[in-house]
Amino acid sequence: MEGMAEAVRTLIILGATGDLTSRLLLPALGQLLTREPQRRLELVGVGTSDWTTAHWRSVVRKSFATVKASGDSVDDLLSSTRFTSADVTKPDALKELLGAAEGTPALYFALPPAVTKDVCAALAQIELPEDLRLALEKPFGTDKRSAAALNRRLTALVPEDHVHRIDHFLGNSTVQNLFGLRFANRIFEPLWSTEHVERVDIVFDEQLGLEGRAGYYDHAGALVDMIQSHLLQVMAVVAMEPPSTMSAADLRDAKELVLRATKVWDDDAVAASHRGRYTSGTIDGRTLPDYVDEQGVDPAQGTETLAQVTFAVGNWRWSGVPFTLRSGKAIGTLRHEIVLTFRQAHHVPTGLRGVAHPSQLRIKLGPDEMVLEVNTNGPGNPRYLSRSELHADFGPGSLLAYGEVLAGVLDGDPALSVRGDTAEECWRIVAPVLKAWRDGDVPLDDYAAGSEGPADWSVIP
Ligand SMILES: NC(=O)C1=CN([C@@H]2O[C@H](COP(=O)(O)OP(=O)(O)OC[C@H]3O[C@@H](n4cnc5c(N)ncnc54)[C@H](OP(=O)(O)O)[C@@H]3O)[C@@H](O)[C@H]2O)C=CC1
Ligand SMILES: O=C1O[C@H](COP(=O)(O)O)[C@@H](O)[C@H](O)[C@H]1O
C-alpha cells in the first residue's frame, strides 16, 4: 500500500432512506464492524424524508440483524448514529453536514445519478475538509463523455485516490481468490495465455427477474447493468499481468492495461453480440410475467434482460482468445462462473479410446469454489478416456462483497475501486455494441423466463 491513509471517522450516507442503504450497505457495515470491534465510526444518515434519529436507528438495527452484527463497535455506532433530513443538492446543507463531522469524513453517494451530479456541483461551492473521501455508486455516467465529465468534476474536488467508484464485484471473494490462485502458484500461470487457452467465458445468469427495479433497470438493461461495469472488471482481473504488489497503483494499472487493449471481437458489434428479453415463464415455482408487462416497464425502450458480447484482448498474452461475457435475468439455471477452456492435447496416443474433451477450469462466483475438469483413464477400462473433476472449495469470504469495498473506503485504500480512466475505458469498450443495438442492427430475441435463453444462441460450455 502507498503510505497509510487516515481511517474514516465519520461516514455520511447520502440517500440513507433508500433501498441500497438498507439492503446492501448497512448489512455490509454491520459485518465489517463485527469483524473489527476496535473500529470507531460515526454514522450519519441523510435523506429528504422526514425521518427521526430513532427511526433511523431502528432501520440500522434491523439491517445489522440480518448479518447478526454484534460487538463493541456495533453497540457504539448504534447508540451514536443520527439522521439528518436535508436536501444535499444545497451547498449550505453539505457545509453543515461536513462541518459537524468528526475526524476524516467520507460521503457515500447512495443517490440517483442525477442527484449525485447536483451534489458535486454544490460541493464545488464550499470549502471541503482535507482528506475527504467520496464513494460513488454505479452507474458512473451513461457513456464515455459523461463519465469523463463526472471525473473532471470529482477530481476538481478531491484527489483521484480519494474517489471510490464502487464496483462490488471487485469485493467478491472469488474475484479476490483469483489473485492467490493465479499469482501464488506456478501451475496455473504458465498455462494462462493464448498458447494453452482456447476461450474464456464469464457468465452471470440469474434466476431473479426485474424485482421491482424498472425505474433503474429499464433504462440500463443487462449490457450496462452487468457487462459494462461488473463483468469487464472481472475480466480485467482474469486477464491482467501479474502485479508486483497488491497496492492500489499496481492492481489498477494492471487492470487498466487489459481494458485498454480490449475491443469488440473482430470489430464487428453485430456479429459479436446478442440481446434477449424474457417472456412469461416459471422459475422454481415462481411465475414471471412478460418483461414488458412488469410494473414500470416501457416496452418502447426495447430493454434487453439478457446480453452476450465477445471481446478480444489485443496483447501478446491473449491474442486470438475470445472472451465472452454474458449476463441475464430470469434464466432457469443460476450460473455465476468464469470458465477457461484449454486447447486440445497436441496428440492423444493412438490406442486411447473415447473422446478427449478440452480441459476446463471453472471458477465459481458464489458459492466460492473451483472445478478443474480433465481427461483421465478413469475407472473401468484403463484404455478408455473419461472425465474427472478436481474440486476446491474456496470457502466464503469473511465479508460480503460490499463489506470489502466499504473497508477500502473507510481505510482510504482505493485498490478495489474503479479508477477514473478505467470507468471511461469501459464505456469506450461497449460503445459499438450500444450503437448497433440502438440502430436495431441486432435482433432482440425472446426467451421464456425459466429457460436457458434463446434456443439458437451458441451454448457457453
Ligand atoms: N438498490 C440497489 O440494489 C443498487 C443501487 N445502486 C445505485 O445506488 C444508488 C441508490 O440506489 P437506491 O438506493 O436503489 O435508490 P432509492 O431510490 O431507493 O434511494 C434514493 C435515495 O436518494 C435520496 N435522495 C434523493 N434526492 C435527494 C436529495 N436531494 N437530498 C438528499 N437525499 C436525496 C432519497 O431520499 P428521500 O427519499 O428521503 O428523499 C433516497 O434515500 C443509485 O445510483 C443506484 O444506481 C447500485 C447497485 C445496486
Ligand atoms: O449490481 C448488480 O448486481 C446484481 C448481482 O450481484 P449480487 O451481488 O447481488 O449477486 C444484479 O442482480 C443487479 O441487477 C445489478 O444491478
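Residues numbered from 1 in each chain as written. Chains lettered and ligands numbered in written order. Predicted model: local features only at pLDDT ≥ 70, side-chain atom pairs only at ≥ 80, totals over all residues. Heavy atoms only, no water.

Chemist: Explain the site of ligand 2 to me, please; I cannot follow it from the model alone.
Modeler: Surrounding ligand 2, one finds Lys-138, His-168, Phe-169, Phe-204, Glu-206, Arg-213, Asp-225, Met-226, His-230 and Lys-329. The contact in question runs from an oxygen atom of ligand 2 to an N or O atom on the side chain of Arg-213, over 2.9 Å. Note that an oxygen atom of ligand 2 is positioned 2.8 Å from one of the side-chain N or O atoms of His-230. Against a free-state accessible area of 390 Å², the protein chains account for coverage of 71% of ligand 2. For the shell around ligand 2, the leading source of residues is helix H8 (residues 214-239), giving three residues. Split by residue class, the shell around ligand 2 holds three nonpolar, two polar and five charged. (Near = heavy atom within 4 Å. Polar contact = N/O pair within 3.5 Å; in protein donor to acceptor, adjacent residues only side chain to side chain. Areas by Shrake-Rupley, 256 points an atom, 1.4 Å probe, with all protein chains shown as cover. Helix = DSSP H or I, 4+ residues; strand = E, 2+ residues; numbered from the N terminus. Nonpolar A, V, L, I, M, F, W, Y, C, P; charged D, E, K, R; others polar.)

Chemist: Looking at this model, I keep getting lost on the UniProt feature "domain: Glucose-6-phosphate dehydrogenase NAD-binding" (unreviewed entry) in the protein. Mind explaining?
Modeler: UniProt annotation of "domain: Glucose-6-phosphate dehydrogenase NAD-binding" (unreviewed entry) refers to residues 12-177 when read in the numbering used here. End-to-end, the C-alpha atoms of residues 12-177 are 31 Å apart, and along that stretch the chain is 47% helix and 15% strand. (UniProt positions renumbered as here; feature names shortened; annotations may be inferred.)

Chemist: What's the story with unusual backbone geometry in this structure? I'm lost.
Modeler: Excluding glycine, residues mostly have negative phi values, and the peptide bonds linking residues are mostly trans. Lys-138 connects to Pro-139 through a cis peptide bond whose omega is 0°. Assignment of secondary structure puts Pro-139 in the loop between strand S5 (133-136) and helix H6 (144-157). Along the chain, Gly-366 connects to Pro-367 via a cis peptide bond; the corresponding omega equals -5°. When you line up the elements, Pro-367 lands in the loop between strand S15 (360-365) and strand S16 (368-376). Of note in this structure, Asp-284 is not a glycine but carries a positive phi near 50°. The exposure class assigned to Asp-284 is exposed, which follows from its relative accessible area of 72%. (Buried < 20%, exposed > 50% of the residue type's maximum accessible area, 1.4 Å probe, protein only.)

Chemist: Where do I start with the site of ligand 1 in this structure?
Modeler: Among the 24 residues in the neighbourhood of ligand 1, the closest are listed as Thr-17, Asp-19, Arg-23, Thr-48 and Ser-49. Within the side chain of Thr-17, an N or O atom sits 2.6 Å from an oxygen atom of ligand 1. The backbone of Val-88 places a nitrogen or oxygen atom 3.1 Å from a nitrogen atom of ligand 1. If ligand 1 stood free it would expose 900 Å²; the protein chains cover 77% of that surface. Those elements that provide at least two residues to the shell around ligand 1 are helix H1 (19-35) and helix H5 (113-123). In terms of residue count, H1 provides more of the shell around ligand 1 than any other element does, four residues in total. Of the residues assigned to the shell around ligand 1, the class counts are twelve nonpolar, seven polar and five charged.

Chemist: Looking at this model, I keep getting lost on the nonpolar core. Mind explaining?
Modeler: Burial of nonpolar side chains together is a common tendency in soluble globular proteins. Counting residues in each nonpolar core, the largest one holds 141 residues, and the members touching the most others are Leu-14, Leu-29, Phe-64, Tyr-108, Phe-109, Leu-123 and Leu-134. With 16 residues, H8 is the largest single contributor of residues to this core. Both domain 1 (10-137) and domain 2 (170-398 + 419-448) contribute no fewer than three residues apiece to this core. Other than its neighbours up to four places away in sequence, Leu-134 contacts Leu-107, Phe-109, Leu-123, Leu-154, Leu-157, Val-158, His-162, Val-163 and His-164. (Core = buried A, V, L, I, M, F, W, Y, C linked by side-chain atoms within 4.5 Å. Domains from an automatic or database assignment. Contact = heavy atoms within 4.5 Å.)

Chemist: I would appreciate a short explanation of the pattern of salt bridges in the present structure.
Modeler: Pairing is possible between side chains of opposite charge, provided their charged atoms come close. Counted by the stated rule, this structure contains 29 salt bridges. Between Arg-9 and Glu-42 there is a salt bridge; the shortest N-O distance is 4.0 Å. Placement of the pair is Arg-9 in the segment before strand S1 (10-14) and Glu-42 in strand S2 (residues 42-47), with a sequence separation of 33 residues. The exposure class of Glu-42 is buried, given its relative accessible area of 14%. (Salt bridge = Lys/Arg side-chain N within 4 Å of Asp/Glu carboxyl O.)

Chemist: Explain the pairing of strand S9 (residues 273-279) here, please?
Modeler: Along a regular strand, successive side chains alternate from one face of the sheet to the other. Counting buried positions along S9 gives five out of seven residues, so the element sits mostly inside the fold. Where S9 lies against strand S12 (residues 306-313), four bridges are found, and the strand directions are antiparallel. Within S12, the position partnered with Arg-275 by the bridge is Ala-307. When S9 meets strand S18 (residues 444-448), the two strands line up parallel, connected through five bridges. Note that in S18 the partner of Arg-277 across the bridge is Asp-446. (Pairing = 2+ DSSP bridges.)

Chemist: Quick question: what am I supposed to make of helix H7 (residues 173-183) here?
Modeler: Each turn of an α-helix holds 3.6 residues, which means side chains three or four residues apart point in the same direction. Buried residues of H7: Ser-173, Thr-174, Val-175, Leu-178, Phe-179, Leu-181 and Arg-182, and no others. Sitting at the head of H7, Asn-172 places a side-chain oxygen 2.7 Å from the backbone nitrogen of Thr-174.

Chemist: Looking at this model, I keep getting lost on the sheet that holds strand S3 (residues 82-85). Mind explaining?
Modeler: Working definition: the strands of a sheet are paired by backbone hydrogen bonds and lie parallel or antiparallel to each other. The strand order across the open sheet built from six strands is S3-S2-S1-S4-S5-S6, with neighbouring strands paired in parallel fashion. The strands lining the two open edges of the sheet, one partner per strand, are S3 and strand S6 (163-165). Taking each pair of neighbouring strands and ignoring which way they run, the sheet shows an average axis angle of 20°. In this sheet, strand S4 (residues 105-109) lies alongside S1 in parallel orientation, the contact comprising five bridges. Across the sheet, residue Leu-14 finds its bridge partner in S4, namely Phe-109. Contacts between helix H4 (residues 91-99) and the sheet are confined to S1, S2, S3 and S4, with S1 contributing the most and set at about 155° to the helix. (Axes fitted to C-alpha atoms, helices over the stretch in contact; angles between N-to-C directions.)

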